[in-house]
Amino acid sequence: MTSERKATLIIEGREPVEFPILTPVHGNDCIDIRTLGAKTGLFTYDSGFLSTASCSSTITFIDGDKGELLYRGYPIEQLAEKCEFLDVAYLLRNGELPDAEQKKTFVNIIKTHTMIHEQMARFYQGFRRDAHPMAVMVGVVGALSAFYHEAEDFSDATQRSINFNRIVAKLPTIVAMAYKYSMGEPFMYPRNDLPYTANFMHMMFGTPCEKYEPNPVLVHALDTIFTLHADHEQNASTSTVRLAGSSGANPYACISAGIGCLWGPAHGGANEACLKMLEEIGDVSRVPEYIKRAKDKNDPFKLMGFGHRVYKNFDPRAKLMRKICSNVLQELGLENDRLFKLALELERIALEDEYFVEKKLYPNVDFYSGIVQKAMGIPTSMFTCIFALARTVGWMAQWEEMITDSEQKIGRPRQLYVGAPRRDVPPIDQR
Ligand code: CMC
């Protein structure tokens, strides 16, 4: 990062003030305004962080115009094709892909931390049977902080590494248990003879009554879905994890905060919302009616799975997901799946429509992920949990980067106060 150029701020009636311009490896130059308040007494106003870099990072980079996503410099397409999710997890955390020996050790560590404390299994009984699995996830992942006190020694790099391995290993178990609890089926213990994603499918779909053999095509598809969702720069949930962690909070509590943020329909909850929308549209003949509604300023309806704050030409994850979708449907003999056909038609019409073209609204990763997951037998309410499972890797990598950043300070945004001016409390009979 270099800072040879300067930006000059001219405020009427005052001396000009200079600020360094930081030039990153990729992406937009940034004006470093950290001294603005001290030098001028002014703040910037940037609701929704439309033009604000909240940190410097070495983990993920998105070029929204090119439709490019890089993890530690590697294009997502290459990682999706050549690597397994655990390679990607190792890469995001450590900065480099593992060699054969490192991978063997890492996979072994993850495999031997998959069980959760038996007491935690009883924790699930406290939730209503019909609780949304994301509500269960927020609670159970947050509760990990009660089980692992030693996690609070953040100055210890070994301890932080154990935290990372532990949560990456246990998330599939926690997600599968949330599913089993909602179904009223017995929890399945992890099988350490299976790879990460196959073991997750075993815990989701296996029962003690019969042996479950995961389908390799579906395992590969799900593993790739994990890779596509592993990290995504400073999105809302990642920023939530960083902000929560900036106070020195327990990392499991921070991940729980991230899960809460991810749940929303404008973020990770879009895959669930998208599938519900496709079900509601129901038939190709009704697509124009819904396109019309999406364009109507007085109608709050939005086309779920369309649009992105950063991608303005296409979402590279959506392209890969479309291919996975087609492979999975073919494997399961569902090529003529009604919802997939409906999705294709919706995509076709929206991409030709002036409103969507002009606003650069393209299908995002969530547009197809719901169809794939539904075809695999994963219920709609579990979609965002799968997203959370994968994104935990990115959240933990970002948390590590934040906690070890020498410039790190507690996150404390300022505000533009527009409420009542100072006033005195009147006596009760004058209110
Ligand atoms: N359908 C119809 N109109 C839309 C849509 C949509 N899906 N998305 C944006 N617009 C319109 C919006 O009404 C606004 O119009 P106007 O300029 O007339 O006010 C304009 O496009 C700009 O939208 P915005 O909401 O200001 O853009 P944003 O960058 O703040 O929001 C977004 C991005 C993803 C929240 C939004 O596009 C959206 O709500 N999409 C649907 C939900 C969705 O699919 N979310 C998943 C995001 S990808 C997964 C992830 O990374 O979490």
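For every chain, the first residue of the written sequence is number 1, and numbering continues from 1 onward in sequence order. This being a predicted model, a pLDDT of at least 70 is required before a residue's local features are given, and a value of 80 or more before pairs of side-chain atoms are given or counted; all residues contribute to the totals for chains, interfaces and linings. As a convention, hydrogens and water are excluded, and side-chain values are obtained from all of the structure's heavy atoms.

1. A look at the overall build of the protein
Inference 1: Helices and strands together make up the secondary structure of the protein, namely 18 helices and six strands.
Inference 2: As a reference, a globule follows 2.2 Å times the number of residues to the power 0.38, and the radius of gyration itself is taken over C-alpha atoms. The C-alpha radius of gyration computed for the protein amounts to 23 Å, which stays within 12% of the reference 22 Å derived for 431 residues, consistent with globular compactness.
Inference 3: Taken over the C-alpha atoms alone, the protein extends approximately 80 × 65 × 55 Å along its principal axes.
Inference 4: Partly exposed describes any residue whose relative accessible area lies between the buried limit of under 20% and the exposed limit of over 50%, with all areas from a 1.4 Å probe on protein chains only and scaled to the type maximum. Expressed as a percentage of the 431 residues in the protein, the buried residues total 46%.
Inference 5: Residue contacts are counted whenever heavy atoms from the two residues lie within 4.5 Å of one another. Taking contacts inside the protein between residues at least 6 apart in sequence as the whole, the part at least 24 apart equals 69%.
Inference 6: Per-residue and other accessible areas follow the Shrake-Rupley method at a 1.4 Å probe size, with only the shown protein chains counted as cover for residues. As displayed, the protein has an accessible area near 22200 Å², and 53% of this comes from carbon and sulfur atoms.
Inference 7: In this charge count, Lys and Arg are treated as positive and Asp and Glu as negative; neither His nor the chain ends contribute. Here the site of a charge means atom NZ of a Lys, CZ of an Arg, CG of an Asp or CD of a Glu. If you average the places of the 48 positive and of the 54 negative side-chain charges in the protein, the two averages end up 3 Å apart. Secondary structure elements are taken from DSSP: a helix is a run of H or I of four residues or more, a strand is a run of E of two residues or more, and numbering for both begins at the N terminus.

2. With respect to a nonpolar patch on the surface
Inference 1: Two distance rules govern patches: like charges are joined within 9 Å, and nonpolar side chains (Val, Leu, Ile, Met, Phe, Trp, Tyr) within 5 Å, applied only to residues with over 30% relative accessible area and no salt bridge. Salt bridges, as used here, are contacts in which a Lys or Arg side-chain nitrogen is within 4 Å of a carboxyl oxygen on Asp or Glu. Nonpolar side chains collect at one region of the surface, where Tyr45, Leu416 and Val418 lie side by side and expose about 400 Å² of accessible area between them.
Inference 2: Looking at where Val418 falls in the secondary structure, it is placed in the segment after α18 (383-403).
Inference 3: Classification of Val418 by relative accessible area gives exposed; the value is 75%.

3. What to know about the packing of aromatic side chains
Inference 1: Working definition: rings of Phe, Tyr and Trp (its six-membered ring) pair if their centres are within 6.5 Å, and the pair is stacked with planes under 30 degrees apart, edge-to-face with planes over 60 apart, and tilted otherwise. Evaluated as defined, the whole model comprises 17 aromatic pairs.
Inference 2: Judged by centre distance (5.4 Å) and plane angle (75°), the ring pair of Tyr90 and Phe106 falls under edge-to-face. Of the two residues, Tyr90 sits in helix α3 (residues 85-94) while Phe106 sits in helix α4 (residues 100-111), which places them 16 residues apart along the sequence. Both residues of the pair, Tyr90 and Phe106, belong to the buried class.
Inference 3: Seen from their ring centres, Tyr290 and Phe301 are 5.5 Å apart, and the 70° between their planes marks the pair as edge-to-face. Taken together, the residues span a long stretch of sequence, with Tyr290 in helix α13 (residues 287-295) and Phe301 in the loop between α13 and α14 (316-331) at a distance of eleven residues.

4. A word on the layout of surface pockets
Inference 1: The rule is simple: put a 1 Å grid over the protein atoms alone, call a set of points where a 1.4 Å probe fits but cannot get out a cavity, call an open set with protein on both sides within 12 Å along at least five of seven lines a pocket, and count a residue as lining if it has an atom within 4 Å of a point. Grid points are joined across faces, edges and corners, and a volume is the space filled by probe spheres set on the points. The volume enclosed by the second largest pocket comes to roughly 300 Å³.
Inference 2: Forming the boundary of the second largest pocket are 19 residues, of which Glu84, Pro195, Thr197, Val219 and Asp223 lie nearest the centre.
Inference 3: Put simply, the parts of the chain that give the lining of the second largest pocket at least two residues each are α2 (76-82), α4, α8 (196-205) and α9 (216-229).
Inference 4: Broken down by element, the lining of the second largest pocket gets its largest block of residues, six residues, from α9.
Inference 5: Only Asp, Glu, Lys and Arg are considered charged, only Ala, Val, Leu, Ile, Met, Phe, Trp, Tyr, Cys and Pro nonpolar, and every remaining residue, Gly among them, polar. Within the lining of the second largest pocket, the residues separate by chemical class into ten nonpolar, four polar and five charged.

5. Some remarks on the side chain of Asp87
Inference 1: By the element assignment, Asp87 lies in helix α3.
Inference 2: Relative accessible area serves as the criterion here: at 8%, Asp87 is assigned to the buried category.
Inference 3: Between N or O atoms, a polar contact is any pair within 3.5 Å; within protein, one atom must be a potential hydrogen donor and the other a potential acceptor, and residues adjacent in sequence are included only when both atoms are from side chains. At 2.8 Å, the side chain of Asp87 forms a polar contact with the backbone nitrogen of Glu84.
Inference 4: With near-sequence residues (within four places) excluded, Asp87 lies in contact with Leu97, Pro98 and Lys103.

6. Comments concerning the domain arrangement of the protein
Inference 1: These domain boundaries are the output of an automatic or database domain assignment. Considered domain by domain, the protein is made up of domain 1 (6-53) and domain 2 (76-407).
Inference 2: With centres defined by C-alpha atoms, the gap from domain 1 to domain 2 works out at 36 Å.

7. A look at the site of the ligand
Inference 1: Nearness of a residue to a molecule or strand requires only that one of the residue's heavy atoms be within 4 Å of it. As a matter of local geometry, the ligand sits amid 21 residues, with His267, Lys297, Leu303, Gly305 and Arg309 nearest to it.
Inference 2: In the environment of the ligand, a nitrogen atom lies 3.1 Å from a nitrogen or oxygen atom belonging to the side chain of Tyr355.
Inference 3: Calculation on the ligand without its partners gives an accessible area of 940 Å², and the protein chains cover 75% of this total.
Inference 4: A class-by-class count of the residues in the shell around the ligand yields nine nonpolar, six polar and six charged.

8. Points about the pairing of strand β5 (residues 68-71)
Inference 1: In this scheme, strands are said to pair when DSSP sees at least two bridges between them. Relative to β5, strand β4 (residues 60-63) is paired through four bridges, and the arrangement is antiparallel. For Ile62, the partnering residue across the bridge sits in β5 and is Leu69.
Inference 2: The hairpin formed by β4 and β5 contains four residues between the paired strands, and Gly67 there has a positive phi angle of roughly 70°.
Inference 3: Taken together, the two bridges between β5 and strand β6 (residues 74-75) define a ladder with antiparallel strand orientation. Paired with Leu70 across the two strands is Pro75, which belongs to β6.
Inference 4: The antiparallel hairpin formed by β5 and β6 contains two residues in its connecting segment, where Arg72 sits at a positive phi of about 50°.

9. Some points on the pattern of salt bridges
Inference 1: Applying the stated criterion across every chain, the model contains 25 salt bridges.
Inference 2: Two residues, Arg5 and Asp29, come together in a salt bridge whose shortest N-O distance is 2.2 Å. Taken together, the positions of Arg5 in strand β1 (residues 2-9) and Asp29 in the loop between β2 (17-23) and β3 (30-31) put the pair 24 residues apart, joining distant regions of the chain.
Inference 3: For Arg286, the salt bridge is made with Glu289, and the minimal N-O distance between the two is 3.6 Å.
Inference 4: For Arg286, a relative accessible area of 32% corresponds to the partly exposed category.

10. So, the environment of Val17
Inference 1: Assignment of secondary structure puts Val17 in strand β2.
Inference 2: Each C-alpha atom, one on Val17 and one on Met183, is 62 Å from the other, the two residues being 166 residues apart in sequence.
Inference 3: Discounting residues that sit within four places of it in the chain, Val17 has contacts with Ala7, Thr8, Leu9, Lys39 and Thr40.

11. Quick word on unusual backbone geometry
Inference 1: With a phi close to 50°, Phe49 is a non-glycine residue in the positive phi region.
Inference 2: Summarising the element assignment, Phe49 is placed in the loop between α1 (36-40) and β4.
Inference 3: Residue Phe49 is classed as exposed on the basis of its relative accessible area of 52%.

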